[in-house]
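So you can see what is in the structure, the chains are spelled out below.
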Amino acid sequence: MADYLMLASLFASLVGFIFFYICFSIRIGRPLAAGGTNHKSASVTTKSTSINGECRSGDETDVIIVGAGVAGAALAYTLAKDGRRVHVIERDLTEPDRIVGELLQPGGYLKLMELGLEDCVEDIDAQRVFGYALFKDGKNTRLSYPLEKFHADVAGRSFHNGRFIQKMREKASLLPNVRLEQGTVSSLLEEGGTIRGAIYKTKNGKEMKAYAPLTIVCDGCFSNLRRSLCNPQVDVPSCFVGLVLENCKLPYENHGHVVLADPSPILFYRISSTEIRSLVDVPGQKVPSISNGDLSNYLKTVVAPQIPVELQDAFIAAIDKGNIRTMPNRSMPAAPQPTPGALLMGDAFNMRHPLTGGGMTVALSDIVVLRDLLRPLRDLHDSYTLCKYLESFYTLRKPVASTINTLAGALYKVFCASPDKARQEMREACFDYLSLGGVFSNGPVALLSGLNPRPLSLVIHFFAVAIYGVGRLLLPFPSPKRMWIGARLISGASGIIFPIIKAEGVRQMFFPATVPAYYRGPPPHPPQ
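What comes next concerns the included structure. Please read all numbers here as calculations on a predicted model, not as lab measurements. (Residues numbered from 1 in each chain as written. Predicted model: local features only at pLDDT ≥ 70, side-chain atom pairs only at ≥ 80, totals over all residues. Heavy atoms only, no water.)

### What to know about the nonpolar core
Item 1. Residues Leu-75, Phe-164, Ile-216, Met-345, Leu-370, Leu-374 and Phe-393 are the most contacted members of the largest nonpolar core, which totals 73 residues.
Item 2. Leaving out residues up to four positions away in the same chain, Met-345 has contacts with Leu-75, Ile-216, Val-217, Cys-218, Asp-366, Ile-367, Leu-370 and Phe-393.
Item 3. Of all hydrophobic cores here, the second largest spans 62 residues; its members include Val-129, Met-426, Phe-463 and Leu-489. (Core = buried A, V, L, I, M, F, W, Y, C linked by side-chain atoms within 4.5 Å. Buried < 20%, exposed > 50% of the residue type's maximum accessible area, 1.4 Å probe, protein only. Contact = heavy atoms within 4.5 Å.)

This is the structure in structure tokens:
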């Protein structure tokens, strides 16, 4: 009861701050409406021609998209459905084989529905996900997505990343105004500070030039083009070691599983009806050697004893099978340099730790924002005016993207083990806070799932966890030592979340309506 009273006092004390936030967040007459006129796909197939290594199209391409991953393929379909003539250049059109990008949160699925791509999770043995299960020191708790107000089909989805991407590529390529080509883009074509297109080599090694008034770079986390369009500050806090467990059952089916292990979290989730993905987080930029057996030994002796008993045999069998994959976990705040004629999207533009599975939700949300901005425009050729107009994209995307980004970074740091007593208390408080259920779990899970990505709600719950941890320390009788640990817990919580918020941009994250670009309208149509 004391814990509940303490938390009630916390929320009451924050009412004033919430009121202040609401006052600044009221939207005053948005000039753009997402649900305007209906837009039909072009019905004429564009014919491309190559003259002296320059790729021109019969009616000219409207948009070049570099990369056909989740962001690129979804964007190609979306823009083409609105009548744009789209040329997609992808390095490798065979089915990708990755160990991340396999879990789509419910908020991401809602965006998929909004884009008309929900059928891309059908016929790929995708598994429905209804929440998470947390495990720590022999205890566990189940956290369900708050889906009561949504259609019965709305849930998370987990799948093979490559199958999902191939379905989206196939759907995009069926539109007559999409040209999907295999090629490697080496650089962007720049004339007088404006991007005019891209230089690429075809599948046969021939160098070509493609031109369009707008080039959108979606070439993923290893992008070699982002440096000309943003100021990348890439951090690699850890690496994932990926395994596939076969023919076993999860303790809680249709749920993602997070084990708060030492030194860092371990994830389990289904990617098909017979396969379970295991992702073991290894802090730092290097993992033990695979070739000399160090990694296998680490997984068997350090990791295996900490996972649920039901999965241990399958986990050991997967290690013995030998198909161990690794991947660096990258995070990079969005730091755009607005450039006429070009735009960055997807992991090339913004990354966060994949612990929370929010990357695809952010990418799909960004596509919805960009689609709505471009819809009123008939002509994209005035690159400078278009660039100024699209500056609003960076502000409009912030509340969703920054909430998911901040949660991913903060949750990863809280979930990692630490020798520091205050950090240990924060980790324990987080697990127990979520175990309380009700508003204490529904709020954070709504943030995690992308169903309610509100920055203020994130900050409230984060510090509610910290204060809950302090309350646990001080009850029933405080001592100087416990008070000192409590003070360090609050200080440590601030040290975790505030630097992430600063990198995301305080004003754009919490008060986007005060940014002038938020109200920027579309440029006027040129006279006929």
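### Describing the pattern of salt bridges
Item 1. Tallying each qualifying case throughout the model produces 28 salt bridges.
Item 2. A salt bridge links Glu-114 to Arg-371; the nearest nitrogen and oxygen atoms lie 3.5 Å apart. Of this pair, Glu-114 sits in helix H4 (residues 106–114) while Arg-371 sits in helix H8 (residues 359–374); the two residues are 257 residues apart in sequence, bridging distant segments of the chain.
Item 3. Across the pair Arg-179 and Glu-181 runs a salt bridge whose closest N-O atoms are separated by 3.2 Å.
Item 4. Connected through shared salt-bridge partners, Lys-136, Asp-137, Lys-139, Lys-421, Glu-425, Glu-428, Asp-432 and Arg-472 make up one network. (Salt bridge = Lys/Arg side-chain N within 4 Å of Asp/Glu carboxyl O. Helix = DSSP H or I, 4+ residues; strand = E, 2+ residues; numbered from the N terminus.)

### Quick word on the sheet that holds strand S5 (residues 103–104)
Adjacent strands of a sheet pair through backbone hydrogen bonds, lying either parallel or antiparallel.
Item 1. What the three strands build is an open sheet, ordered S5-S9-S6; its pairing is antiparallel. Two strands bound the open sheet, and with one partner strand each, they are S5 and strand S6 (127–129). (Pairing = 2+ DSSP bridges.)

### Digging into the packing of aromatic side chains
Item 1. This structure, assessed with the given rule, holds twelve aromatic pairs.
Item 2. When the ring of Phe-349 is compared with that of Phe-393, the centres are 6.5 Å apart and the planes differ by 35°; the resulting orientation is tilted. Note that Phe-349 is positioned in the loop between strand S19 (342–344) and H8 and Phe-393 in helix H9 (residues 383–396), a separation of 44 residues in sequence. For the pair formed by Phe-349 and Phe-393, the shared burial category is buried.
Item 3. Where Phe-510 meets Phe-511, the ring centres are 6.5 Å apart and the plane angle is 50°; that geometry is what we call tilted.
Item 4. The exposure class of Phe-510 is buried, given its relative accessible area of 9%.
Item 5. In this structure an aromatic cluster arises from ring pairing among Phe-349, Phe-393 and Tyr-394.
Item 6. Above the ring of Tyr-109, the side-chain terminus of Arg-157 is found at 4.3 Å from the ring centroid. (Phe/Tyr/Trp six-rings, centres within 6.5 Å; stacked < 30°, edge-to-face > 60°. Lys NZ or Arg CZ within 6 Å of the ring centre and 35° of its normal.)

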